[in-house]
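# A structural walkthrough
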Amino acid sequence: MDEAQAPFNLAEYSSYLIDPVAFETTWQDRLQLEGLIGLPATSFAPVTTRKIGFGWSNAVHHIKTPLVNPTDQTQAWVLAFNQIAWGHKVAYLVIEGEPLPTEPLFIFPDVEPWQDRDRFQHIEFEMPSNGRGTLYVSYANNSSYAPLSIENAGTYETRRMVSELRIYILLGLVLGVTVLTVSLLGVLYQRVAVFYALYLTFSTFHLCYVLGLFPFIPFLAEYVYPIMRFWWAAFALMSYLLFQRSFFATAPQVPKWVGRVLLVAAGLVLATTFAFDFLGAPFEPVIVWSSVCICLIAANGIVAIIKRVSGRWFFAAGCLMLVVMLVPLNLSDFLTAHYTYEEAATVFLFGLAFEAIALSCAMFARVRELRAEKEEALVAELKAAEERRTMSERLATAAHDIQQPLTSMKLAAQDNQKQLDELGGAIEFLDEIVKSQLTGDGIEHKPPSSDAGEREEIELNVILDNLKTMFTAEADDKGLTFETVPTSKIAFVNAFALMRVLSNLVSNAIKNTDTGGVTVQSIADEDRVGVEVRDTGPGLSPEQLSKLKTPYHRAGDYDGHGLGLAIVEQLCAENRFEMRVEPNEPQGTSFQIWLPAPED
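Definitions and cut-offs
- Residues numbered from 1 in each chain as written.
- Predicted model: local features only at pLDDT ≥ 70, side-chain atom pairs only at ≥ 80, totals over all residues.
- Heavy atoms only, no water.
- Helix = DSSP H or I, 4+ residues; strand = E, 2+ residues; numbered from the N terminus.
- Expected span 1.5 Å × (residues − 1).
- Buried < 20%, exposed > 50% of the residue type's maximum accessible area, 1.4 Å probe, protein only.
- Patch = residues over 30% accessible without salt bridge, like charges linked within 9 Å, V, L, I, M, F, W, Y side chains within 5 Å.
- Areas by Shrake-Rupley, 256 points an atom, 1.4 Å probe, with all protein chains shown as cover.
- Salt bridge = Lys/Arg side-chain N within 4 Å of Asp/Glu carboxyl O.
- Lys, Arg positive; Asp, Glu negative; His and termini not counted.
- Charge placed at Lys NZ, Arg CZ, Asp CG, Glu CD.
- Contact = heavy atoms within 4.5 Å.
- Pairing = 2+ DSSP bridges.

## Some details on helix H9 (residues 312–331)
Under the 1.5 Å per step criterion, the end-to-end length of H9 is 28 Å for 20 residues, consistent within 8% with the ideal 28 Å. Among the residues making up H9, those that are buried are Arg-312, Phe-315, Ala-316, Gly-318, Cys-319, Leu-322, Val-323, Met-325, Leu-326, Leu-329 and Asn-330.

Okay, structure coming up:
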């Protein structure tokens, strides 16, 4: 056999016999070499597949292959079992004209497979010149996979070395890309990065076992815990499901139930693997459920596109790539006659690099979107600040412009009859507001203090009468009733601040009420008094109320700048008033201003 013929598979030259007896305890006692030689030729059926492999069968398989060396020289050949070190294998070489061999050409397990750096079991033997013989190979395994080839001894080592070098280079590329991906994930979302790093770790361990890389990994998988390689595969799938769950958790548009489904799927991967390992359950449910999870991973790529998650196209491409990687790997134990587990693992390794690149692009897209959102928020904040500055300038200008007319009205009222005394009081109140605007108080927040203003003992009726004088005409103009309930209550407060608070509340109540009216009355509990403003308007939701406390926000369609409740909030904080908002049954809103107790 020259180099051009090596390697070649034995499938097209071989025939097989299946012994259905379970291999766990009896495989070595079934059909030894003498029994195989004595069987009729019709006992063996031709192998019709590209490779020798029978998938999950729990049976012993016997392979018979004729060998011919047509040259005049003795040739060194290599019988290679192109699969990981697993199961039971024995091979006999019977040469025509020579006695039957007393020892097998190859038997596994009888030595530690990881002592050989190749890890893929092989044996070198010689074929005599112009010799003919028959190779008998029997093997048993849960999945009964051992694609066989005979290769030229001179090229076998070179092929394995080149193959391993290619895999190491590819593994280095994968690790480099994935380290970049994990670093990018760690900057944005630490939990997502943790699950992705775990997925890479377990996948790498499993691939190193399958591809025979780094001898200490097979040692872990065989000596420390024989079935550890299955757990590595299970943990890798679990970690990827949890990674997808954490990735979606950062996207508020994805429903919460998607994350719950992924969590349950990851738990069932763990449960089925545990049942297989510790309870003796069949391995098929593990394969079936892992196939379901692969479909779920693909579906999550579609969810990302539908819900318009940032980086969705790259994320979906990564999901699709993972499916392309996992499907052949997952089915390799059933399709061993078509490709080897090593070939499927090599495809997975290539796919892992592309999947990491796609995920890196998805994270880059997410970074760009976050940056754009921050820029938009900054622009909106600057715009709001500019609007506030413009509004403050307008208020100051308006206050300055109307101060002189108010002063003239006040002087005119003093010169007229006593009937204008009440009008003069209202104008004086407006004049005080204007002065406060000109001194720059505005609506800037001040911390509460005990000396927010001069406090004095005042009858609440004085405040109520001023309110009635100021707002009766405005209420009448809208067809509303405006009523102040007389009281004998006395309060110890800054009267000007209380008047400003109540006037803003009454003004807002009238503007937001279309039918009915507004009522102002005193209220009291054991040690405090207060004033309540009730209206019969549409009422306020909690969301509206929270926004109403923001400057320049209005709840209705009336003209105004939306400063009323912002001013009330500030004045209450400065004067230690307590404001409560309650529904006014059956319709409307009740604003209660509770004043501090006299001893405060």
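On we go from here.
## Points about a negative patch on the surface
A surface patch of like charges, here negative, comprises Glu-369, Glu-373, Glu-375 and Glu-376. By secondary structure assignment, the location of Glu-375 is in helix H10 (residues 341–415).

## A look at the side chain of Ser-15
The residue Ser-15 is located in strand E2 (residues 15–19) in this model. Taking relative accessible area as the criterion, Ser-15 reaches 12% and is therefore assigned buried. If sequence neighbours within four positions are ignored, Ser-15 has contacts with Phe-44, Ala-45, Pro-46, Val-47, His-62, Ile-63 and Lys-64.

## Topic: the pairing of strand E15 (residues 529–535)
Counted residue by residue, E15 has six buried out of seven residues, so it is predominantly covered. Pairing of strand E14 (residues 517–524) with E15, which is carried by seven bridges, proceeds in the antiparallel orientation. Across the sheet, residue Thr-519 finds its bridge partner in E15, namely Arg-534. With antiparallel pairing between neighbouring strands as the criterion, E14 and E15 make up a hairpin whose turn holds four residues. Sheet topology places E15 next to strand E17 (residues 589–594); five bridges connect them, and they run antiparallel. Its bridge partner lying in E17, Val-533 is registered against Phe-591.

## So, the sheet that holds strand E3 (residues 45–46)
Sheets are built from strands that pair by backbone hydrogen bonding, the pairs being arranged parallel or antiparallel. Spatial strand order, E3-E2-E4-E9-E6-E7: six strands in an open sheet with antiparallel pairing. Strands at the two margins of the open sheet, each flanked by one partner only, are E3 and strand E7 (106–108).

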